[in-house]
Amino acid sequence: PAHHLANLLAKTDRLAESKAWTEEILAEKPWHVGALSMMRIVCLRLNDEEAAMKWAVKGLPGLSPQSRTWRSEWVQENMDLAKEKLADLRKDLTDKIVAKIEI
């Protein structure tokens with residue numbers, strides 16, 4: 001959904017809007033491989049090579065034998081981030097349920 005919109009915006013040369021949507025996606029899901037790739041592409045198309053490199057480094061490493069360790073670490077770090085986000089969402093939901101019960 002949001003990622004598809006960001007893709008469509010990029011394909012129609014609405015790069016600033018695409019970048020803004022992609023930043024929103026990555027704020028919620030920093031492990032989103034498609035959004036990380038989109039950010040690199042949009043930054044390149046905006047002639048911001050420094051930002052493109054920043055996002056390229058954050059992306060999922062390749063499958064080459066040389067990058068297997070790096071890839072495993074990337075996956076583990078992002079799994080940990082996802083688990084933290086899920087725990088936060090569970091706590092927020094629990095707090096909201098408890099607040100409604102107390103009313």
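Numbers given for residues are sequential positions, taken from 1 along each chain in its written order. In keeping with the predicted nature of the model, local features appear solely for residues at pLDDT of at least 70, side-chain atom pairs appear and are counted solely at 80 or more, and the whole-chain, interface and lining totals rest on all residues. Only heavy atoms go into the side-chain values, all of them from the structure, while hydrogens and water stay out.

**Notes on unusual backbone geometry**
Argument step 1. The phi torsion at D13 lies on the positive side, around 60°, for a residue other than glycine.
Argument step 2. Numbering of helices and strands starts at the N terminus; helices are DSSP runs of H or I of at least 4 residues and strands are runs of E of at least 2. Residue placement: D13 occurs in the loop between α1 (2-11) and α2 (15-28).
Argument step 3. The backbone phi angle of N47 is positive, close to 60°, even though this residue is not glycine.
Argument step 4. In this fold, N47 is placed in the loop between α3 (33-45) and α4 (49-58).

**Re the pattern of salt bridges**
Argument step 1. Salt-bridge detection follows one rule: a side-chain nitrogen of Lys or Arg within 4 Å of a carboxyl oxygen of Asp or Glu. All told, the structure shown has three salt bridges when counted by the stated rule.
Argument step 2. Where R14 meets E17, a salt bridge forms, and the shortest distance between an N and an O atom there is 2.7 Å.
Argument step 3. Summary of the burial criterion: residues with accessible area below 20% of their type's maximum are buried, those above 50% are exposed, and those between are partly exposed, where the area comes from a 1.4 Å probe applied to protein chains only. Given a relative accessible area of 37%, E17 falls into the partly exposed group.
Argument step 4. The salt bridge involving K91 is made with D95; its shortest N-O contact spans 2.8 Å.

**Let's talk about the packing of α1 against α2**
Argument step 1. Look at α1 against α2: their axes get within 8 Å of each other, and the N-to-C directions meet at 160°. When the axes of α1 and α2 are compared, the pair comes out roughly antiparallel. Once α1 is placed against α2, the crossing between them reads as left-handed. When α1 is examined against α2, the residues A2, H3, L5, A6, L9 and A10 are found in contact with a partner set consisting of L15, E17, S18, W21, T22 and I25.
Argument step 2. Asp, Glu, Lys and Arg are counted as charged, while Ala, Val, Leu, Ile, Met, Phe, Trp, Tyr, Cys and Pro are counted as nonpolar; the rest, among them Gly, fall into the polar class. Split by residue class, the contact of α1 with α2 holds eight nonpolar, three polar and one charged. The axes used here are C-alpha line fits, helices contributing only the stretch in contact, and every angle between their N-to-C directions lies in the interval 0 to 180 degrees. Oblique is the label for any angle not covered by the other classes, which are roughly parallel (under 35 degrees), roughly antiparallel (over 145) and roughly perpendicular (65 to 115). The hand of a helix crossing depends on one turn: near helix anticlockwise from the far one by less than a right angle means left-handed, and clockwise means right-handed. We call two residues in contact whenever any of their non-hydrogen atoms come within 4.5 Å of each other.

**Quick look at the nonpolar core**
Argument step 1. Remark: nonpolar core denotes a set of buried residues (Ala, Val, Leu, Ile, Met, Phe, Trp, Tyr, Cys) joined through side-chain atoms within 4.5 Å. Counting residues in hydrophobic clusters, the biggest one holds 10 residues: I25, L26, A35, L36, M39, C43, A51, A52, W55 and W74.
Argument step 2. When residues of this core are traced back to their parent elements, those giving at least two are α2, α3 and α4.
Argument step 3. Per-element accounting of this core gives the leading share, four residues, to α3.

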